[in-house]
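# Working through the structure, step by step
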Amino acid sequence: MPEILVQYEAEIWMSIGETFIMVGASIVAAILLGLPVGTLLFLCRKGQVIENRLVFTVLNLLVNIIRSFPFLLLVVFLIPFTRLIIGTAIGTTAAIVPLSIIAIAHYSRLVEQSLLDVPKGVMEAAISMGASVKEIIFKFLYVETRSGLVLGLTTSIISFISYSTIMGVVGGGGIGDFAIRYGYQQFKTDLMIYMIIIMIILVQLIQFIGTTVARKIDKR
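Residues numbered from 1 in each chain as written. Predicted model: local features only at pLDDT ≥ 70, side-chain atom pairs only at ≥ 80, totals over all residues. Heavy atoms only, no water.

### Brief notes about the overall build of the protein chain
Quick note on the threshold: Numbering of helices and strands runs from the N terminus, with a helix taken as a DSSP run of H or I at least four residues long and a strand as a DSSP run of E at least two residues long. With a 1.4 Å probe rolled over the protein chains alone, any residue whose accessible area is under 20% of its type maximum counts as buried; one over 50% counts as exposed, and the rest are partly exposed. Here, residues are in contact when the closest pair of their heavy atoms is within 4.5 Å.
Counting its regular elements, the protein chain contains 10 helices and 0 strands. For the protein chain, the succession of helices and strands along the chain, N to C, is α-α-α-α-α-α-α-α-α-α. Principal-axis analysis of the C-alpha atoms places the extent of the protein chain at approximately 65 × 40 × 25 Å. Within the protein chain, buried positions represent 43% of all 220 residues. Intrachain contacts of the protein chain at a sequence separation of at least 6 include 74% that bridge at least 24 residues.

Pasting the structure below:
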């Protein structure tokens, strides 16, 4: 192991842990809230089973607005809100708030797009069989799009890792923040390069796992 990595070993492991905390919270938010929001966007569209123009318009507008924000500006914009619900706008815990919000918006749009790829015949068959909305969602839509949902989540997780590198602005820490503070700002280019390599390995590993899982569960 290079000497400089040994020198900063404790700090590196801490930064990796902070990245896992922020990204992990984002994944939970994406699944628990982004998945339902994306599903609702699909179901409330014109011609769908619970068509509701008002709900669709409001949700669609919110998702578009959040995704339109440059992430750094979103983090700054949400500082008062973060301080209100967390009690502070600084630190890894506070960083979870803007990351979770962008995670929900990001994944919900990918979920909607995956559901839009479901053949109309599947929906027509579900309705003709008298399936309830809940059954349509869990027994038809999610089953049909499970591979796409996993690939969408994989893409989202990689984006969350990228977003987490910005959280040094609010003291969120993480690998990206470590690379800037200890590598770039202290002119230790080799240390910064090692951090970039760690990020690349992490992203490649996540992509490999996501692609493999998606291929395994795709029965088409």
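### Description of unusual backbone geometry
Positive phi, close to 60°, is recorded for Phe187, a residue that is not glycine. Examined against the element boundaries, Phe187 turns out to sit in the loop between α9 (175–184) and α10 (189–217). Owing to a relative accessible area of 75%, Phe187 belongs among the exposed residues under this scheme.

### Digging into a nonpolar patch on the surface
Keep this limit in mind: Only residues above 30% relative accessible area that lack a salt bridge enter a patch, with like-charged residues linked at up to 9 Å and the nonpolar side chains Val, Leu, Ile, Met, Phe, Trp and Tyr linked at up to 5 Å. Accessible areas in this description were obtained via Shrake-Rupley with a 1.4 Å probe; residue shielding takes into account the shown protein chains only. Here, a salt bridge means any side-chain nitrogen of Lys or Arg that lies within 4 Å of a carboxyl oxygen of Asp or Glu.
A surface patch of nonpolar side chains, about 330 Å² in accessible area, is lined by Leu40, Val49, Ile50, Ile127 and Val133. Counting through the fold element by element, Ile127 comes out in helix α7 (residues 120–128).

### Concerning the confidence of the model for the protein chain
Do not read the predicted coordinates in detail wherever pLDDT is low. Under the convention used in this document: Note: pLDDT gives the predictor's confidence per residue, expressed from 0 to 100.
With 98% of its residues at a pLDDT of 70 or more, the protein chain shows a mean pLDDT of 89. Least confident of the elements in the protein chain is helix α1 (residues 3–7), whose mean pLDDT is 81; most confident is helix α3 (residues 53–68), at 94.

### Remarks on α10
Rules: Each helix should span, by expectation, one fewer than its residue count multiplied by 1.5 Å.
Its 29 residues give α10 an end-to-end C-alpha distance of 42 Å, which sits within 8% of 42 Å, the value for a rise of 1.5 Å per residue. Of all the residues in α10, the buried ones are Leu191, Met195, Met199, Leu202, Ile206, Gly210, Thr212 and Ala214. Buried residues along α10 sit against α1, α2 (9–43), α8 (133–164) and α9.

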